[in-house]
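Observations on the three-dimensional arrangement
The lines below spell out each chain.
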Amino acid sequence: MKKKIYLLATALMLMLSAPSVMAKDTKSKPDMTETQKARFAEITRRVDEIKSMDRSELSREERKALRNELQEMKKEAKALSGGVYLSVGAIIIIILLLILLL
C-alpha cells in the first residue's frame, strides 16, 4: 500500500511539473554583440572546413587535435548562444531529491 502511494505521488508530481517545464519563456534573449556574431560565424566556418576535409590522411595526433578543437569550439558556441543547459544526470538527481524530500 505504501509503495502505491509513493508511486501515485511521484506520478502526480511529474504530471503537474511537466506543463511548467514545457511552457515557453516569454522573455526574449538579449541579442549578441557584433564581436560575438563575428566569432560565431568564424566558429561555424571552421567547423565546415573540418567537416569537409579528408581526415583519413591525418595522423592520430592530428585527428586528436582536431577533435579537441571541435570540442572547445562547441563549448564556446554554447556559451555565446546563452541559455541554461541541464544534463540528464542533473535532471535525474533533481527528481530523486524531490522524491526523497516529498
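Residue numbers restart at each chain and count upward from 1, following the sequence in its written direction. Reporting in this predicted model follows two pLDDT cut-offs: at least 70 for local features of residues, and 80 or more for side-chain atom pairs to be given and counted; totals over whole chains, interfaces and linings ignore these cut-offs and use all residues. Calculation of side-chain values draws on the structure's entire complement of heavy atoms; hydrogens and water are dropped beforehand.

Considering the overall build of the protein
Counting from the N terminus, the helices are the DSSP runs of H or I reaching at least four residues and the strands are the DSSP runs of E reaching at least two. Summing up its helical and strand segments, the protein has four helices and zero strands in all. Buried means the residue's accessible area, taken with a 1.4 Å probe over protein chains only, is under 20% of the maximum for its type, while exposed means over 50%, and partly exposed covers the values in between. Relative to its full complement of 102 residues, the protein shows a buried share of 8%. Note on definitions: a residue-residue contact is assigned when non-hydrogen atoms from the two residues lie within 4.5 Å. Across the protein, contacts joining residues at least 24 apart in sequence account for 58% of those joining residues at least 6 apart. Computed with a 1.4 Å probe, the accessible areas rest on the Shrake-Rupley method; for each residue, only the protein chains presented here act as cover. Carbon together with sulfur atoms contributes 64% to the accessible area of the protein, which is approximately 9300 Å² in total.

Looking at the nonpolar core
The set of buried Ala, Val, Leu, Ile, Met, Phe, Trp, Tyr and Cys residues whose side-chain atoms join them within 4.5 Å is what this entry labels a nonpolar core. Residues I43, I50, L66, M73 and L80 constitute the largest nonpolar core, which totals five residues. Per-element accounting of this core gives the leading share, three residues, to helix α3 (residues 60-81). Dropping the residues within four chain positions of it, I50 is found in contact with R55, L66, E69, L70 and M73.

A few points about the packing of helix α2 (residues 34-52) against α3
In contact at an axis separation of 10 Å, α2 and α3 are set at 150 degrees when each is read in the N-to-C sense. Between α2 and α3, the interaxial angle falls into the category roughly antiparallel. Taken as a pair, α2 and α3 cross one another with a handedness that is left-handed. Contacts between α2 and α3 involve Q36, R39, F40, I43, R46, V47 and I50 from the first element and L66, E69, L70, M73, E76, A77 and L80 from the second. The convention used is that axes are lines fitted to C-alpha atoms, helices contributing only their stretch in contact, and that angles between N-to-C directions extend from 0 to 180 degrees. Here roughly perpendicular refers to angles of 65 to 115 degrees, roughly parallel to angles under 35, roughly antiparallel to angles over 145, and oblique to all remaining angles. When the near helix sits turned anticlockwise from the far one by under a right angle, the crossing is termed left-handed; a clockwise turn instead gives a right-handed crossing.

Focus: a positive patch on the surface
A cluster of basic residues, R60, R63, K64 and R67, forms a positive patch on the protein surface. With respect to the element layout, K64 can be found in helix α3. Within this analysis, patches are made of residues with over 30% relative accessible area and no salt bridge. Like charges are joined at 9 Å or less; nonpolar side chains (Val, Leu, Ile, Met, Phe, Trp, Tyr) at 5 Å or less. The working definition used for a salt bridge is a side-chain nitrogen of Lys or Arg within 4 Å of a carboxyl oxygen of Asp or Glu. Counting rule applied: Lys, Arg positive; Asp, Glu negative; His and chain ends not counted. The atoms used to mark charge sites are NZ of Lys, CZ of Arg, CG of Asp and CD of Glu.

Remarks on the pattern of salt bridges
Pairs may arise between side chains of opposite charge once their charged atoms sit close together. Counted under the stated rule, the structure contains four salt bridges. In this structure, R39 engages E76 in a salt bridge whose closest nitrogen and oxygen atoms are separated by 2.7 Å. Separated by 37 residues along the polypeptide, R39 in helix α2 and E76 in helix α3 bring together distant segments of the chain. Residues participating in the shared-partner salt-bridge network are R39, E42 and E76.

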